Amino acid sequence: MSFQYRAALVTLADLDREVLVKFYTKFLDLEPNPYIPNTYAEFQLPGLRLGIFKPKDSHKSEFANRAKTGMSLCLEVSDIETAIARIWALGYPPAGEIIKAAHGLEIYAFDPAGNRIILHQSHENVG
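How each quantity is defined
- Residues numbered from 1 in each chain as written.
- Predicted model: local features only at pLDDT ≥ 70, side-chain atom pairs only at ≥ 80, totals over all residues.
- Heavy atoms only, no water.
- Axes fitted to C-alpha atoms, helices over the stretch in contact; angles between N-to-C directions.
- Helix = DSSP H or I, 4+ residues; strand = E, 2+ residues; numbered from the N terminus.
- Left-handed = near helix turned anticlockwise from the far one by under 90°.
- Contact = heavy atoms within 4.5 Å.
- Nonpolar A, V, L, I, M, F, W, Y, C, P; charged D, E, K, R; others polar.
- Buried < 20%, exposed > 50% of the residue type's maximum accessible area, 1.4 Å probe, protein only.
- Pairing = 2+ DSSP bridges.
- Core = buried A, V, L, I, M, F, W, Y, C linked by side-chain atoms within 4.5 Å.
- 1 Å grid on protein atoms, 1.4 Å probe; cavity = no way out; pocket = protein on both sides within 12 Å on 5 of 7 lines; lining within 4 Å.
- Points joined across faces, edges and corners; volume = space filled by probe spheres on them.

Undergrad: Just give me the short version of the packing of helix α1 (residues 19–28) against helix α2 (residues 80–89), but keep the residues and values in it.
TA: Across the interface, α1 lies against α2 with an axial gap of 9 Å and an inter-helix angle of 145°. Between α1 and α2 the crossing geometry is right-handed. Of α2, the residues touching α1 (which contributes Phe23, Lys26 and Phe27) are Ala83, Arg86 and Ile87. When grouped by side-chain class, the residues that make up the contact of α1 with α2 number four nonpolar, no polar and two charged.

Rendered as structure tokens:
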């Protein structure tokens, strides 16, 4: 039995005074829309909606263990060096060096809550 769906989005819990909202606003150079202060912010990215929400007090314990997970936010960028410079300027330098993968260049970084960000530049954009 199958089911219908219309859209998908990735959401991240922001436990610390909109730290993630501020980080992604600066990193993506994009204002959230819709935006409900201290409740919900959504970034409209090409092919993806990224939602950041403040968990209700009754649900905060579900997000208290920030152990690493298998989930990553992968952003296809046109210039990996520019993306690295931006995330570095925000105080979250990538962990490690640029990796030359079969599908292009990539590097891993982490946002203020410890969520992994993969910056990826495809071979088509490598000079």
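Undergrad: Account for the environment of Pro55, naming residues and giving values.
TA: Relative to the elements of secondary structure, Pro55 occurs in the loop between β4 (48–53) and β5 (72–76). For Pro55, a relative accessible area of 4% translates into the label buried. Linking Pro55 and Leu12, residues 43 residues apart in sequence, is a C-alpha distance of 9.7 Å.

Undergrad: Report on the sheet that holds β5, specifying residues and quantitative values.
TA: If you walk across this open sheet you meet the four strands as β5-β8-β7-β6, and the pairing is mixed. At either end of the open sheet lies a strand with only one pairing partner, and these are β5 and β6 (99–101). On average, each strand axis in the sheet is tilted by 30° relative to the strand beside it, whichever way the strands run.

Undergrad: Hey, could you go over the nonpolar core for me, with residue numbers and the actual values?
TA: Judged by nonpolar contacts, the single largest core of 24 residues is most densely connected at Tyr24, Leu50, Leu75, Ile80, Ile117 and Leu119. Listing elements by their share of this core, those giving two or more residues are α1, β3 (40–45), β4, β5, α2, β7 (104–110) and β8 (116–122). The greatest single-element share of this core, amounting to five residues, is contributed by α1. If we skip the residues at most four places from it in the chain, Ile117 touches Phe23, Tyr24, Leu73, Leu75, Ile87, Ile107, Tyr108, Ala109 and Asp111.

Undergrad: Can you explain the sheet that holds β4? Please cite residues and give values.
TA: Spatially, four strands are ordered β1-β4-β3-β2 in an open sheet, and the strand pairing comes out mixed. The strands lining the two open edges of the sheet, one partner per strand, are β1 (9–13) and β2 (35–36). Two strands pair when backbone bridges link them, and β3 and β4 are joined in this way by six bridges, in the antiparallel orientation. Residue pairing for β4: Tyr40 is matched across the bridge by Phe53. Contacts from α1 reach β1, β2, β3 and β4 within the one sheet, and its direction differs from that of β3 by about 20°.

Undergrad: Which residues make up the layout of surface pockets, and what are the values?
TA: The volume enclosed by the second largest pocket comes to roughly 340 Å³. Along the wall of the second largest pocket there are 15 residues; nearest its centre are Phe27, Leu28, Leu75, Glu76 and Val77. Those elements that provide at least two residues to the lining of the second largest pocket are α1, β5 and α2. A per-class count over the lining of the second largest pocket returns 10 nonpolar, two polar and three charged.

So, to be careful, I would describe these as geometric facts and stop short of saying anything about function.
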